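A structural walkthrough
Each chain, written out:
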Amino acid sequence: MSSPFIWIILPMVFSLLLWFMRAKKTWVLLSATVFCLFLAILAAFAPIGSIIKFGAWTFEISPQLSLFGRRFMLGDSDRALLIFVYAAAAFWFFGAGTASVSRLFIPLAMGIVSLAVAALSVEPFLYAALIAEVAVLLSLPLLAPPGKPSGQGVARYLIYQTLAMAFILLAGWAAGGVEANPANQTLLGETVILLGLGFAFWLAIFPFHTWIPLLMSEVHPYQAGFILMIFPLIAMLLALDFLNAFAWLRQYPALPNALRLAGGLTVAIGGIWAAFQKRLSRLYGYFVISEIGFALLTLSLSSHVGYLVFVSSFLPRVLSLAVWALAMSALSKEMNLDFDSLKGLLRKKPIISISILFSAFSLSGLPLFAGYPVRQVLLENLSQQSLLTMIWVAVGMAGLLIGVFRTLLVLISARERTWQVEEAWQPSVLLVIGSSALLIIGVFPYWFFPSLYKLLDAFSQLI
Amino acid sequence: MIVDVLSIFSVVLLFATSIFLLVSQKWRWSIIALSIQYLAVFWLVGLVWALPLATVKLVVGWMSAAVLVTSDPGEDYIDRKFVGLPGLLFRLLAAIMIGMIVYSIAPLMTNFIDTGMVMLWGGLILIGMGLLQLGMTTRISRIFIGLFTMLSGFEILYAVVERSILVTGLLALINLGLAIAGSYLITASNIEEAQ
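These lines cover the structure that appears in this document, whether it is placed above or below. Keep in mind it's a predicted model, so treat the numbers as computed, not measured. (Residues numbered from 1 in each chain as written. Chains lettered and ligands numbered in written order. Predicted model: local features only at pLDDT ≥ 70, side-chain atom pairs only at ≥ 80, totals over all residues. Heavy atoms only, no water.)

Scanning chain B for helices and strands turns up seven helices and zero strands. On the principal axes, the C-alpha backbone points of chain B span a range of 55 × 40 × 30 Å. Classification of the 195 residues of chain B by burial places 55% in the buried group. Counting contacts in chain B only where the partners sit at least 6 residues apart, residues at least 24 apart contribute 74% of the total. In chain B, 9 side chains carry a positive charge and 10 a negative one; their mean positions are 8 Å apart. (Helix = DSSP H or I, 4+ residues; strand = E, 2+ residues; numbered from the N terminus. Buried < 20%, exposed > 50% of the residue type's maximum accessible area, 1.4 Å probe, protein only. Contact = heavy atoms within 4.5 Å. Lys, Arg positive; Asp, Glu negative; His and termini not counted. Charge placed at Lys NZ, Arg CZ, Asp CG, Glu CD.)

Here it is in structure tokens:
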């Protein structure tokens, strides 16, 4: 048995099974959560590529699977990645139970997760662009559920992701040419431009970010949140893969500046627009855009510390986005997500309100929350490299904070002074756990982040 | 000689069909134009690939068109932004500008993709016209026509540099997936399924 069979083929087959069973929503939800947890635990305890003794049995999980002459590789160094991806999936699937998602969500999301792992493991990795596009196509029914017309956000999402595929494929071909002839500076420049455009479309970097807030205002918040968690995560890991594979790309002199410029602008644009939002779901979209900008800034550090911060930021990001998306889903069942409708919500739904605020505080990088430790290290290192970028980042962070404090003001500004708490217990339990986790990670980061550093094991050239 | 003439004819056919797709207000006719476009794409790809492999592009293109034609966008396909003669003239002018841009940048592109001009003209015209279509509409049915046009152009250029069977297979899968997704999104509002 091979590791790609266990962590790619099995989940794909399982997602098909879940598709046929989709009418039994609770069963599908629980089995998907348990299955993902099982895969995460298996990745934690089963070494890949060495003999495993289990009682009288001895067997080996081989790291390779060949398909049509191409290889899918998931070695021992990829185990941390598998643990993270499947644990995050289990977390999102479990939350889906209280989020009133479409019955297509779990089967399709499971398929998307397995394709994400396939994209990260395929060799040569230009095929990752094609696999990611298949995942994008699979995600469309989640974004335009039956019975609802598809909006502009979905259309732009599809267009930009398809453009990304084309650019990455061409960049992959050109990269082969650069490997063969590293002295050709023209080809090198063209390859970097193609790669840059590909990732700009993939990651929704400014000015290709417009679909994110649109999507958030059109689609169920939990489903849109999942898409905005998984696709940028795949693209970021693939960016690490490219940097790991190509020495010429790591050493390209203009790369840190380009990343800094793109990251700084994306953070600033996300923050400035966040300050003016009047709808909670769109605010979430702009926070996602800023997070992508911060990820680019960590990559721009081009140092070991930068890569450590890059992988460490995955946990607070995934957790904050999940908690916020779950809180919005719980709200969207009963009310509009406009600020006008949310006035005084703290007195009616304190747990949901506090969860939204905690997630936003964490994503803004406020002290004592999960996002703070990584943000602090990033800003400390960035300030030594570029003061101009720091100004852009400061503008963006100020915008994010204005957005958060406007939300806080809306939530506490009650027309009536009495407390009328009416919250469902199922989402509340999950939200309390999630919000507490955001605080605990923020207060004790060293309990959690060192295990995330192992994600870099898959990228040996970056260590 | 005849191959050269047919290749030039293919490029002209690509330009003509892509202009028709830009201005057409009838879904069925647009799908027929898309099918003819795939015939020209097949001919151009056949210049650099073995015929059986190039046939995959044609078959997949026609299958995609067949999938798309099953969904009828009805009124949604009618473009209400650029209406009447001024709208038609504006779109034709935009298409001619795309043609001129392609004609002027194609020689420069040979430095990057080393191939004949017909391949570059064909690929770039479709990419340009596809992007034009995508930029001029917000209608989901027209967006898919634009995506297919752009993707066909990309596939012509990519056929020059990559001949892997797996890539061909995956691109075929993406084309079919896109057609199914298009068909689904066009009709999504009419499908009933409980939450």
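This next bit is on the pairing of strand β1 (residues 51-54) of chain A. As paired elements, β1 of chain A and strand β2 (residues 57-60) of chain A share four bridges and run antiparallel to each other. What sits directly across from I52 of chain A, in β2 of chain A, is F59 of chain A. (Pairing = 2+ DSSP bridges.)

Here we take up the sheet that holds strand β4 (residues 70-73) of chain A. Residue and element names in this part refer to chain A. What the three strands build is an open sheet, ordered β3-β4-β5; its pairing is antiparallel. In this open sheet, the two edge strands, each paired with only one partner strand, are β3 (64-67) and β5 (122-123). Sheet topology places β4 next to β5; two bridges connect them, and they run antiparallel. From the neighbouring strand, R71 faces β5, where its bridge partner is E123. Running over the sheet, helix α1 (residues 3-20) touches β3 and β4 and is turned about 65° from β3. (Axes fitted to C-alpha atoms, helices over the stretch in contact; angles between N-to-C directions.)

As a further point, take the pairing of β4 of chain A. All names here are of chain A. With four bridges connecting them, β3 and β4 associate as antiparallel partners. Considered in β4, the bridge of S66 is made with R71. Between β3 and β4, which pair antiparallel and follow one another directly, the connecting turn spans two residues, one of which, F68, has a positive phi of 50°.

The interface is formed by 41 residues belonging to chain A together with 32 residues belonging to chain B. Where chain A abuts chain B, roughly 3,200 Å² becomes buried across the two surfaces, and 75% of that area is made up of carbon and sulfur atoms. Where chain A touches chain B, the interface holds zero salt bridges. Joining chain A to chain B, the criterion identifies three residue pairs in polar contact (both at pLDDT 80 or more). Here the side of chain A that touches chain B gets 13 residues from one element, more than from any other, and that element is helix α6 (residues 152-180) of chain A. Classifying every residue of the side of chain A that touches chain B gives 28 nonpolar, six polar and seven charged. (Buried area = accessible area lost by both parts, 1.4 Å probe. Salt bridge = Lys/Arg side-chain N within 4 Å of Asp/Glu carboxyl O. Polar contact = N/O pair within 3.5 Å; in protein donor to acceptor, adjacent residues only side chain to side chain. Nonpolar A, V, L, I, M, F, W, Y, C, P; charged D, E, K, R; others polar.)

Moving on, we come to the environment of W248 of chain A. Residues and elements named next belong to chain A. Counting through the fold element by element, W248 comes out in helix α10 (residues 247-250). Overall, W248 belongs to the buried group, its relative accessible area being 11%. With 66 residues separating them along the chain, W248 and P182 place their C-alpha atoms 7.7 Å apart. For W248, the contacting residues outside a window of four places in its chain are A175, V178, E179, L188, T191 and V192. A distance of 2.8 Å separates polar atoms of two side chains, one belonging to W248 and the other to E179.

Further remarks concern helix α19 (residues 425-443) of chain A. With 19 residues, α19 of chain A extends 27 Å between its outermost C-alpha atoms, agreeing within 8% with the 27 Å of an ideal straight helix rising 1.5 Å per residue. Three or more residues of α19 of chain A are buried, namely P427, S428, L430, L431, G434, S435, L438, I441 and G442 of chain A. (Expected span 1.5 Å × (residues − 1).)

Count 3.6 residues to each turn of an α-helix, and residues three or four apart come out pointing the same way. All names here are of chain A. The end-to-end C-alpha distance of helix α12 (residues 280-300) is 30 Å, a good match for the 30 Å that 21 residues give at a rise of 1.5 Å each. Burial analysis of α12 places 20 of its 21 residues in the buried class, which makes it a mostly covered element. A positive backbone phi angle near 50° is found at S302, which sits one or two residues after α12.

What follows concerns the pattern of salt bridges. Residues and elements named next belong to chain A. All chains considered together, the criterion is met by seven salt bridges over all chains. Between R79 and D76 there is a salt bridge whose closest N-O contact spans 3.1 Å. The class for D76 is partly exposed, based on a relative accessible area of 39%. Salt bridges here are not isolated pairs; linked through shared partners, they connect E291, R317 and R375.

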